[in-house]
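Overview (structure and organization)
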Amino acid sequence: MKLEELKNYYLHDSSILEMKKIDNSINLKIEYCLFMQDDYVEGTDETCILNLKFNDATANIESISDNTIIDTKISDTSITFNLELDDNDEFIQLTIEASSVDISKDK
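We now turn to the structure provided with this report.

Here we look at the sheet that holds strand 7 (residues 91-97)
Strand order in the open sheet made by the 4 strands is 4-7-6-5, with antiparallel pairing throughout. Looking at the sheet topology across the chains shown, the edges are occupied by strand 4 (58-59) and strand 5 (67-74). In this sheet, strand 6 (residues 78-85) lies alongside strand 5 in antiparallel orientation, the contact comprising 7 bridges. Bridged to Ile 69 within strand 6 is Leu 83.

Structure below.
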């Protein structure tokens, strides 16, 4: 799917758990806050694992430590995550440029 379709996912307060570069793709494993979504139903699971695979991708940094997503900026060719590092309260930006993204959810 197109990167701009990620605008349908409100990622605030979610966390990037893992970042892997495999060949020309970048895979992110995100603890996704379901309770922050407009369609959240009280009493259901509050979080899930969201797997994002960015195709034909490059990134400005190699790895991520414990973090919280503050916000994102999304265009047709890139996504920028503004992150707060949980262990020292510093802020960083992760920018990924890619041709497309594949999304899957785990419980």
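Concerning a negative patch on the surface
Among the surface-exposed residues, Asp 66, Asp 86, Asp 87, Asp 89 and Glu 90 lie close enough to one another that they form a single negatively charged patch. With respect to the helices, strands and loops of the structure, Asp 89 is situated in the loop between strand 6 and strand 7. On the basis of relative accessible area, Asp 89 is assigned to the exposed category, the value being 53%.

A few points about the environment of Leu 3
You can see Leu 3 is positioned in the segment before strand 1 (15-22). Take Leu 3: its relative accessible area is 0%, and that puts it in the buried class. Sequence spacing of Leu 3 and Asp 76 is 73 residues, and the spatial spacing of their C-alpha atoms is 5.5 Å. Ignoring any residue separated from it by four or fewer positions in sequence, one finds Leu 3 in contact with Phe 54, Ile 74, Ser 75, Asp 76, Thr 77, Ser 78, Ile 79, Ala 98, Ser 99, Ser 100 and Val 101.

Details of the state of the cysteines
Considering all chains together, one arrives at 0 disulfides under this definition. No disulfide involves Cys 33; its sulfur sits 9.3 Å from the nearest other cysteine sulfur, which is in Cys 48. Judged by relative accessible area, Cys 33 falls into the buried class, the value being 5%.

So, the nonpolar core
Ile 16, Leu 28, Ile 30, Phe 54, Phe 81 and Ile 96 are the most contacted members of the largest nonpolar core, which totals 26 residues. Leave out the neighbours within four places in its chain, and Phe 81 touches Leu 11, Ile 16, Leu 28, Ile 30, Ile 69, Asp 71, Thr 72, Ile 92, Gln 93, Leu 94 and Ile 96.

A few points about the sheet that holds strand 1
Strand order in the open sheet formed by 4 strands is 1-2-3-8, with antiparallel pairing between adjacent strands. Strands with a single pairing partner mark the edges of an open sheet, and in this sheet they are strand 1 and strand 8 (100-106). Strand-to-strand twist across the sheet, computed as the mean angle between neighbouring axes with direction ignored, equals 20 degrees. Relative to strand 8, strand 3 (residues 47-55) is paired through 7 bridges, and the arrangement is antiparallel.

The rules behind each value
Residues numbered from 1 in each chain as written. Predicted model: local features only at pLDDT ≥ 70, side-chain atom pairs only at ≥ 80, totals over all residues. Heavy atoms only, no water. Pairing = 2+ DSSP bridges. Helix = DSSP H or I, 4+ residues; strand = E, 2+ residues; numbered from the N terminus. Patch = residues over 30% accessible without salt bridge, like charges linked within 9 Å, V, L, I, M, F, W, Y side chains within 5 Å. Areas by Shrake-Rupley, 256 points an atom, 1.4 Å probe, with all protein chains shown as cover. Salt bridge = Lys/Arg side-chain N within 4 Å of Asp/Glu carboxyl O. Lys, Arg positive; Asp, Glu negative; His and termini not counted. Charge placed at Lys NZ, Arg CZ, Asp CG, Glu CD. Buried < 20%, exposed > 50% of the residue type's maximum accessible area, 1.4 Å probe, protein only. Contact = heavy atoms within 4.5 Å. Disulfide = S-S within 2.5 Å. Core = buried A, V, L, I, M, F, W, Y, C linked by side-chain atoms within 4.5 Å. Axes fitted to C-alpha atoms, helices over the stretch in contact; angles between N-to-C directions.

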